[in-house]
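# A look at the structure
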Amino acid sequence: MAGLATALGSGAMTNSIAEISGAKTILAIGTNTTQAHPVLALQVKKAARNGAGLIVANPKKIDLCRHATIHLQHRPGTDVALLMGMIKVIVDEGLADLDYIATRCENFEQFLASLAEFNLDAVAAITGVDQELIAAAARLYGSEQPAATLYCMGITQHSHGTDNVWAIANLGLITGNVGIPHGGVNPLRGQNNVQGSCDMGGLPDVYPGYQKVDNPDAQQKFEAAWGVKLSETPGLTHSEIFDKIHEGTIKSLYLVGENPYLSEANASHAIEAMEKIDFLVVQDIFLTETAQLADVVLPAATFAEKDGTFTNTERRIQRVRAAIAPRGEAKEDWRIVTEIARRMGAPGFDYNTPAEIMAEIAALTPSYGGITYERLEEGGLQWPCPTIDHPGTPILHTERFSTASGKARLMPLSFRESAELPDNEFPLLLTTDRSLFHYHTGSMTRRVEGLEQLVSEEFVKINPADAAHLALVDGEMVQVSSRRGTTTAKTKLTAVCPPGLVSMTFHFAESPTNMLTNAALDPIAKIPETKVCAVRVEKMTA
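Residues numbered from 1 in each chain as written. Predicted model: local features only at pLDDT ≥ 70, side-chain atom pairs only at ≥ 80, totals over all residues. Heavy atoms only, no water.

## Details of the sheet that holds strand β18 (residues 477-481)
Stated formally: At least two bridges found by DSSP between two strands are what make those strands a pair. Strands are runs of DSSP state E lasting at least two residues, helices are runs of H or I lasting at least four, and both sets are numbered from the N terminus onward. Only C-alpha atoms enter the line fits that serve as axes; for helices the fit covers just the stretch in contact. Angles between N-to-C directions range over 0 to 180 degrees.
Within the closed barrel, the 6 strands sit side by side as β16-β20-β17-β19-β18-β21. Their pairing is mixed. Put simply, the sheet's adjacent strands are angled 45° from each other on average, direction ignored. Pairing analysis gives 4 bridges linking strand β16 (residues 428-432) to strand β20 (residues 501-504), with the strands arranged parallel. When the bridges of β20 are listed, Leu430 appears paired with Val502.

## As for the domain arrangement of the protein chain
Here is the rule: Bear in mind that the domain bounds are from an automatic or database domain assignment. Any pair of residues with heavy atoms lying within 4.5 Å of one another is described as a contacting pair. The buried area of a pairing is the accessible area, by a 1.4 Å probe, that goes missing from both parts when the two are put together, added over both. We count a salt bridge whenever a side-chain nitrogen from Lys or Arg sits within 4 Å of a carboxyl oxygen from Asp or Glu.
Taken domain by domain, the protein chain consists of domain 1 (2-188), domain 2 (194-382) and domain 3 (428-539). Computed from C-alpha coordinates alone, the two centres of domain 2 and domain 3 are separated by 30 Å. Each partner contributes residues to the interface: domain 2 has 17 residues there, and domain 3 has 19 residues. Carbon and sulfur atoms make up 65% of the area that domain 2 and domain 3 hide from each other, which totals about 1500 Å². In this structure, the connection of domain 2 to domain 3 is made through 1 salt bridge.

## A look at unusual backbone geometry
Peptide bonds are trans in most cases, and residues, glycine excluded, mostly fall at negative phi. Where we set the bar: Each residue is assigned to one of three classes by its accessible area relative to the maximum for its type, calculated with a 1.4 Å probe on protein chains only: buried under 20%, partly exposed between the two thresholds, exposed over 50%.
In the segment running from Gln145 into Pro146, the intervening peptide bond is cis, with an omega of 5°. Residue position: Pro146 is located in the loop between α8 (131-143) and β5 (147-151). Each neighbour pair has its own omega, and for Trp383 with Pro384 the value is 0°, a cis peptide bond. Positive phi is not limited to glycine here, since His397 has a value of about 65°. Along the chain, His397 falls in the loop between β14 (381-382) and β15 (408-409). On the basis of relative accessible area, His397 is assigned to the buried category, the value being 12%. At Ala471, a residue that is not glycine, the phi angle is positive and equals roughly 60°. Residue placement: Ala471 occurs in the loop between α20 (464-469) and β18.

## Comments concerning empty space enclosed by the protein
The test is simple: Cavities and pockets are found on a 1 Å grid laid over the protein atoms alone: a cavity is a set of points where a 1.4 Å probe fits but cannot escape, a pocket is an open set with protein on both sides within 12 Å along at least five of seven lines, and a lining residue has an atom within 4 Å of such a point. Grid points are joined across faces, edges and corners, and a volume is the space filled by probe spheres set on the points. The residue classification treats Ala, Val, Leu, Ile, Met, Phe, Trp, Tyr, Cys and Pro as nonpolar and Asp, Glu, Lys and Arg as charged. All others, Gly included, are polar.
If you walk through the whole model with that rule in mind, you get 1 cavity of 30 Å³ or more. In this structure, the largest cavity encloses a volume near 310 Å³. Lining the largest cavity are 23 residues, with Gly30, Asn58, Gly154, Thr432 and Lys531 positioned closest to its centre. Elements with a contribution of two residues or more to the lining of the largest cavity: α9 (153-156) and β16. Grouping the constituent residues of the lining of the largest cavity by class yields 8 nonpolar, 10 polar and 5 charged. Two domains each put at least three residues into the lining of the largest cavity: domain 1 (2-188) and domain 3 (428-539).

## Structural notes on the sheet that holds strand β9 (residues 252-256)
Taken together, the 3 strands give an open sheet; going across it, the order is β9-β10-β11, and neighbouring strands pair in parallel fashion. Single-partner strands in this sheet number two, and they are β9 and β11 (296-299). Taking the axes of each pair of neighbouring strands and ignoring which way they run, one obtains an average angle of 10° across the sheet. Here 5 bridges tie β9 to strand β10 (residues 279-284), and the two strands are oriented parallel to one another. The partner of Tyr254 across the bridge, within β10, is Val281.

## Thoughts on the pattern of salt bridges
Enumeration over the complete set of coordinates arrives at 24 salt bridges. Salt-bridge contacts for Glu93 lead to Arg139; the nearest nitrogen and oxygen are separated by 2.9 Å. With Glu93 in the loop between α4 (79-92) and α5 (98-104) and Arg139 in helix α8, this pair connects stretches of sequence that are 46 residues apart. The partner of Glu452 in a salt bridge is Arg446, and the shortest N-O contact between them spans 3.0 Å. Exposure class is identical for Glu452 and Arg446. Each is buried. A single network of salt bridges, built from pairs that share partners, joins Glu420, Asp423, Arg483 and Arg484.

Here it is in structure tokens:
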């Protein structure tokens, strides 16, 4: 499945946003789409209005469930069992696309053998979902096509997040829904230019365009272009960086547009690292909680004060144009980096405009090879766009996957529990979510008076049955504790959360939710398990 894994590893949608409304079936799993992606959610609602079957797989009864044909309210962290159970039903009932599998997939026999673990009795016991409901969802997805899958951080932020993504890819492949219009496997990016950041090498193991740092050909190409010797050793993920600071092997840290004080799993671990490090530089548009710890703060320009490009979740590269000049001492990010590099004596940073940087990107990054500012004046383009006359690629994998054989590899999987489960000391599960009215750590949206009037503080969403057991009332200030830390917030009694599950956002510095969350890492992607951790909710002591 390496070809599809390449796209999914980049976080890229295989299809385009506008196609969603034309799907016959949509599976939205691990995504609270109306809250985190409200504009894109309009396409999902449109599809439902047009008669599409909508399967929502989410431990909570989220707003999107109002439009759903089927709600699979599975236990947090059991996505692999749920998805592989659906696949087994599809195979057993003759709904798999055998022609597609024969021509476009490999490893089918080994994959079939792995499905023995996922009979409906076992899957229902693991997930807590009635087996007839699982079977109904499988039949809908397997028979009403094209079928599109949407997912977000409710899938990836687990200690087995890579397995979750593989399971989603397996479902798309086994039904022939990858590489076709209105179908696909579509991860939804959490921020407006995360896709572009990753495309440009903002990951520890790749150069721009996902060219591996341990690939000798890629290494030689970039060494020749940049005139420096490059390491073939992959770097560290952000979670690993904080571990290395504690170990004393990293002495300085340069953070750009990141607020780990609030966003990092097991945040106290990251805060302690930033407090002890020898030298901390923060480049941001506001003096965030993290910036207040810095030795040097570099004021950056906002989106409205700079020229450049954003690449969105559907791989669309779009121009950004300055509406106003940067205020005060603020500078564009690219200009700050180039000025620092020049003062350190580094060659190759003689850029005068973002267009010059894009020209270098196009020269070294095949998927951006046909991108120029002149072309983008006419509208956005979706990568891969390898040549100047290429129209861009709305749908990936239409003819072949980016493997030696051109086929996608079906991945056998086994179910693994989350790293931390409830016990007598911490009897509830906590999952994190986002508010429609605030963004990430709130460093921007919490400065907007109108949004603060709508939501200005954190709430612990808790089922009324759990609240009654704990003698809690709605709006009561409570203490929430995990094995890593404690925070406080008001209760919000709601049936959105099933018994045993509580939910919080991470927008509010006054109630830092990530003091609680678990930094257990997925062994491959090294993403922390912020979506599942065991907590205790109790009354405030006098």
